Protein chains: 2
Amino acid sequence: MVLLVHHSISPQSRKIRLIMAEKKMLFVLKEEEPWKLSQEILEINPGGDLPILVFDGKVVSGNYAITEYLEESNPQYKLLPEDLILRAEVRRIMDWFDTKFYNEVYKYIVAEKIIKRFQFKQAPNSKILKAGLNNLKFHMEYIDYLADRNNYLAGKEISLADLTVAAHLSIVDYLGDIPWNEYKNAKLWYAKIKSRPSFKEILKDNIRGIPPSSNYANLDF
Amino acid sequence: MVLLVHHSISPQSRKIRLIMAEKKMLFVLKEEEPWKLSQEILEINPGGDLPILVFDGKVVSGNYAITEYLEESNPQYKLLPEDLILRAEVRRIMDWFDTKFYNEVYKYIVAEKIIKRFQFKQAPNSKILKAGLNNLKFHMEYIDYLADRNNYLAGKEISLADLTVAAHLSIVDYLGDIPWNEYKNAKLWYAKIKSRPSFKEILKDNIRGIPPSSNYANLDF
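Residues numbered from 1 in each chain as written. Chains lettered and ligands numbered in written order. Predicted model: local features only at pLDDT ≥ 70, side-chain atom pairs only at ≥ 80, totals over all residues. Heavy atoms only, no water.

1. A closer look at the relation of the copies chain A and chain B
Now for step 1: Overlay of chain A on chain B (RMSD 0.0 Å): rotation 180°, translation along the axis 0.0 Å. These values place the two chain copies in the arrangement generated by a two-fold rotation axis. Among all residues of chain A, the one whose C-alpha sits closest to the rotation axis is Thr99 of chain A, at a distance of 4.1 Å.
Now for step 2: Comparing interface residues between copies, 100% of those in chain A also lie at the interface in chain B; the contact surface is shared. (Least-squares fit on C-alpha atoms with pLDDT ≥ 70 in both. Contact = heavy atoms within 4.5 Å.)

As structure tokens, then:
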């Protein structure tokens, strides 16, 4: 049995769930709140990052390590192209979102609205939220540009880049903070990814005490 | 010709230089200050991250993308083990340092001492420096533990993990901020990496106006 220790609001967790679903892997989810990990989880992964993959007595942790591990160990459903330069483009986009989008949008909007509430019982700071929404514009323009260039963000086929970007956006979208109508290409691309069977479980996610925005699970948004 | 656009104080740039040297690749360096990139560089890499690899009219940018590209395109000198679980361990350690060490040590010490000086002509904030030195202890203990476990940080052979960690440490060491004598295993490991021919050029680096600490280039420190 493959166990994935995850949390709904972790974009890295969502990415790994999407990859595993695209690769038609069977797995069991165990939810852990990243701000108060259980002793059991800290023992197998002292770094305390989510997600964590556990199987056959082995542990693979870290977003980057799990992503590449899943691609290498399940080559029957490829999410990286063969060509080395195209692979680099997929990885560049992944890195951009896992680092820049995470630091400039996630930490300003999602951490402010959700983690601050659960971890510190505090209300979000409106100045920080505003800065995050401003940063989001820049990233949405970039996604719009990438989506206009090709069928998928890094080329003609779906890849890890699409799953990564969709995972990040899906959490911001849960909070209803994406002005989709201003980004036509990005919207068409997201509608396509959102309609994939691998996305079904993500759209059922429910964060305790915070209902999803009205269009979150709507395929025609 | 392979051109690497880099900067001496970018740990990601240092990592790529080490990987290319380990793989015995010939390349030319072009130094760019990350806080005021030239128009020419922004045109080929609008994201503005360093390093950037340019060859045969192609551009590969982003730390993660370049690292994996170099490994895939130069398989004669392997820096990732064959075993999938061991590969995941190498990537977990890389990710840890590129993300956590970077956010908790680099941004507090190196950015404070060097980038702030060049970009904003400001002196470092002693509270931020102190917090960075405190964070450094935690990471040094972790390196000490990893170095004690095996010959190299992720196993019996040198890997991308060693080059990544050494690249990050080398910049903090340039500033003389690593209390090596408190971390015996880490010190022995770093002395071994520092003595490799691939490290020679790194030890010649000189940051304008900031001389290296007395032991920076000393193999017997």
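2. Let's talk about the packing of helix α3 (residues 63–73) of chain A against helix α4 (residues 84–106) of chain B
Now for step 1: Across the interface, α3 of chain A lies against α4 of chain B with an axial gap of 7 Å and an inter-helix angle of 155°. With respect to α4 of chain B, the element α3 of chain A is oriented roughly antiparallel. Between α3 of chain A and α4 of chain B the crossing geometry is right-handed. For the pair formed by α3 of chain A and α4 of chain B, the contact residues are Asn63, Tyr64, Ala65, Glu68, Tyr69, Glu72 and Ser73 of chain A on the first element and Leu84, Ile85, Arg87, Ala88, Arg91, Arg92, Met94 and Asp95 of chain B on the second.
Now for step 2: Looking at the contact of α3 of chain A with α4 of chain B residue by residue, the class counts come to seven nonpolar, two polar and six charged. (Axes fitted to C-alpha atoms, helices over the stretch in contact; angles between N-to-C directions. Helix = DSSP H or I, 4+ residues; strand = E, 2+ residues; numbered from the N terminus. Parallel < 35°, antiparallel > 145°, perpendicular 65-115°, else oblique. Left-handed = near helix turned anticlockwise from the far one by under 90°. Nonpolar A, V, L, I, M, F, W, Y, C, P; charged D, E, K, R; others polar.)

3. Side note on the sheet that holds strand β4 (residues 58–61) of chain B
Adjacent strands of a sheet pair through backbone hydrogen bonds, lying either parallel or antiparallel.
All names here are of chain B.
Now for step 1: Within the open sheet, the four strands sit side by side as β2-β1-β3-β4. Their pairing is mixed. Unpaired on one side and paired on the other, β2 (28–31) and β4 mark the two borders of the sheet. Ignoring which end each strand starts from, the neighbouring axes of this sheet average 20° apart.
Now for step 2: Pairing of strand β3 (residues 52–55) with β4 involves four bridges; the strand directions are antiparallel. What sits directly across from Ile52, in β4, is Ser61. (Pairing = 2+ DSSP bridges.)

4. Concerning the packing of aromatic side chains
Now for step 1: Taken as a whole, this structure holds 25 aromatic pairs over all chains when the rule is applied.
Now for step 2: Between Trp180 of chain B and Tyr190 of chain B, the aromatic rings sit 4.8 Å apart at their centres with planes inclined by 15°, giving stacked as the arrangement. Residue Trp180 of chain B is found in the loop between α7 (160–174) and α8 (184–194), and its partner Tyr190 of chain B is found in helix α8; the two are separated by 10 residues along the sequence. Of the two residues, Trp180 of chain B and Tyr190 of chain B, both sit in the buried class.
Now for step 3: In this structure an aromatic cluster arises from ring pairing among Trp180, Trp189, Tyr190, Phe199 and Phe221 of chain A.
Now for step 4: In this structure, Arg117 of chain A packs its charged tip against the face of Phe118 of chain A, placed 6.0 Å from the ring centre.
Now for step 5: For Lys194 of chain B, the ring lying beneath its charged end belongs to Phe221 of chain B, and the centroid distance is 4.3 Å. (Phe/Tyr/Trp six-rings, centres within 6.5 Å; stacked < 30°, edge-to-face > 60°. Buried < 20%, exposed > 50% of the residue type's maximum accessible area, 1.4 Å probe, protein only. Lys NZ or Arg CZ within 6 Å of the ring centre and 35° of its normal.)

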